[in-house]
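Examining the three-dimensional arrangement
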Amino acid sequence: MAIRLFNTYSRALEEFRPLDPARREVKMYTCGPTVYSYAHIGNFRAYLFEDLLQRHLESRGFTVRRVMNITDVDDKTIRGSRDAGVPLAEFTAQFKKAFFDDLETLRIKRADSFPEATDPREIAKMIEMIGTLMERGLAYQAEDKSVYFRINKFPEYGKLAHLNLDELRSTGRVKSDEYDKEHIGDFALWKAWDEADGPVKWQSPWGDGRPGWHIECSAMATQLLGDQLDIHCGGVDNIFPHHEAEIAQTEGCTGKKFVRYWLHCAHLMVDCQKMAKSLGNFYTLPDVIAKGYTGREVRYALMRVHYRAPLNFTWEGMEESRVALARIGDWVRRLEENAKKENVQRPTPNAQRPMEEAPGFHDALDDDLNISGALGVLFETIRETNRRMDVGEMDSSEAKAWLEWWKRVDQVLAISGEDAGLPAEIAALAEARVQARLAKDWRKSDELRDELAARGWEARDTKDGQKLTRRGGA
Ligand SMILES: [Zn+2]
């Protein structure tokens, strides 16, 4: 069955066909964080949707090449570093690290590359693109020395967001520093240095300054993935002006269609309200973990609603996720016990066998990542197979087959196991101890247990394997 995705550009479900169908390679660009503070769970909802998309495409045999940018220079990062009295790179480093820790906690696959806007190679590419746009009359330098994109010269401008330029003119807000732009919607490609920028500046043919946010993504995407992408994702708040601007800049330079499929994730609400620091409902991932939830519980909670529907985050929802994961965990353990049993029962003649490709679950995801449908298949399977185990109808070979089915499903969901939410170093020690025990290296296993204990984690060996628990008060 073909994969269908909702393309924001056409506002329609379209069959997914990559640019180069023979190679089954998908070039995917996902807008990353601006590292001026800790990311909130709304940001991670979008990153989890992108992770689900990548994993599903991979389960269907595609190779995904994904790039996610890190915006480490803009007004907010500059202001933050100035207020903190530290250099920009030092200021952003703490938030970059936190971002990568959070990705790990949520089991989000790492992109193939995470280019940073301040990387000299990327800055050079941005300057090159702005130069091309200047040559083609698509950009101009205004009296304030900044360089702007001339949207009147790009007829396609507004197509992604379904806006027309007249609307833009009437709804645009005039900021005092935008008086010398030709059109209110013209956006900055290069921002001329001013005193507030302090030491943050790069040389360019238009004078010292720094790139605008939109050109960063056009430059990094084309530098690392080429002129044409299969999929570009982001949150709905990225559609305008950010993605609209990316199209104008990139196509203005290359003359080729930039992106085949634009996918956007809806907002996250908290208790039916927009998340805002002023409302006291603004949560980072560590805030949620500090309430006793694991990374995989948060992963499940943020992933279980279709990406185009608004998701309302509540603590009851977190409890539901906990119950759902416990149910899956119990089921998997039961299957494992059944799989170990000798085949004492004769399989009934109509024994139900899982099919090769996890039918139903992946089919549902083919339909624009219909996660509710896919989870419905999973829980229906759990209910039915539990019933069969209750009445002793399942033999070990069938249990093994269901475990294989679950493995394929969990390659997409990535919610099984006990180590979720573990810090990376603890997970690494725990894994090393599993390996030591497999190799019957008891001394090493004990050493690793002591090391884990020194870090506040207790390793117990149960019949289901190693279990880790955080020690009270540690
Ligand atoms: Zn972007």
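As the structure is a computational prediction, the values presented were derived from the model and not from experiment.

1. What to know about the sheet that holds strand β13 (residues 311–313)
- Overall, mixed pairing links the three strands, which are arranged β12-β11-β13 in an open sheet. Taken across any chain shown, the strands that pair with only one partner, and hence form the sheet edges, are β12 (273–274) and β13.

2. Focus: the sheet that holds strand β10 (residues 259–265)
- Strands sit in the order β4-β3-β9-β10 across an open sheet of four strands; the sheet is parallel. Both outer strands of the open sheet, β4 (63–68) and β10, are each paired with one neighbouring strand and no more. Between one strand and the next, the sheet's axes are offset by a mean angle of 20°, whatever the strand orientation.
- Across three bridges, strand β3 (residues 25–30) lies against strand β9 (residues 229–235) in parallel orientation. Note that in β9 the partner of T30 across the bridge is C233.
- Those strands touched by helix α6 (residues 213–225) are β3, β4 and β9, and its axis lies near 160° from that of β3.

3. A look at the pairing of strand β1 (residues 4–7)
- Both β1 and strand β2 (residues 12–15) contribute to a ladder of four bridges, which runs antiparallel. Looking across to β2, one finds that R4 is bridged to E15.
- Connecting β1 to the antiparallel partner β2 that follows it, the hairpin turn spans four residues, and R11 within it adopts a positive phi of roughly 55°.

4. A look at helix α2 (residues 75–84)
- Those residues of α2 that sit buried are T77, I78, G80 and S81. End-on view of α2: buried residues confined to an arc of 160°, all on one side of the axis.
- On the buried face of α2, the contacting elements are α3 (88–105) and β8 (209–211).
- Its side-chain oxygen 3.2 Å from the backbone nitrogen of K76, D74 forms the N-cap of α2.
- Positioned one or two residues after α2, G85 has a phi angle of 70°, which is positive.

5. Structural notes on the coordination of the zinc ion
- Every protein donor of the zinc ion is accounted for by C31 (SG), C217 (SG) and H242 (NE2), and the metal-donor separations fall at 2.0 to 2.2 Å.
- In the primary structure, the donors to the zinc ion are separated according to the pattern C-x185-C-x24-H. Of the two residues, C31 is situated in the loop between β3 and α1 (41–59) and H242 in helix α7 (residues 239–254); the sequence distance between them amounts to 211 residues. Like C31, the residue H242 is buried in the burial classification.

6. Comments concerning the pattern of salt bridges
- Scanning the entire structure with this criterion turns up 36 salt bridges.
- The salt bridge partner of D330 is R333, with a shortest N-O separation of 3.0 Å. Taken together, the residues D330 and R333, both in helix α10 (residues 315–340) and three residues apart, mark about one turn of the helix.
- Connected via shared salt-bridge partners are D75, K191, D197 and R210.

7. Some points on the environment of D271
- Inspection of the secondary structure puts D271 in the loop between β11 (268–270) and β12.
- The spatial distance from the C-alpha of D271 to the C-alpha of N281 is 8.1 Å, given a sequence separation of 10 residues.
- When residues no more than four places from it in sequence are discounted, the contact partners of D271 are N312, F313 and T314.

Calculation criteria
Residues numbered from 1 in each chain as written. Predicted model: local features only at pLDDT ≥ 70, side-chain atom pairs only at ≥ 80, totals over all residues. Heavy atoms only, no water. Pairing = 2+ DSSP bridges. Helix = DSSP H or I, 4+ residues; strand = E, 2+ residues; numbered from the N terminus. Axes fitted to C-alpha atoms, helices over the stretch in contact; angles between N-to-C directions. Contact = heavy atoms within 4.5 Å. Buried < 20%, exposed > 50% of the residue type's maximum accessible area, 1.4 Å probe, protein only. Arc of directions from axis to C-beta. Polar contact = N/O pair within 3.5 Å; in protein donor to acceptor, adjacent residues only side chain to side chain. Donors = N, O, S within 2.8 Å, 3.2 Å for Na, K, Ca; no water. Salt bridge = Lys/Arg side-chain N within 4 Å of Asp/Glu carboxyl O.

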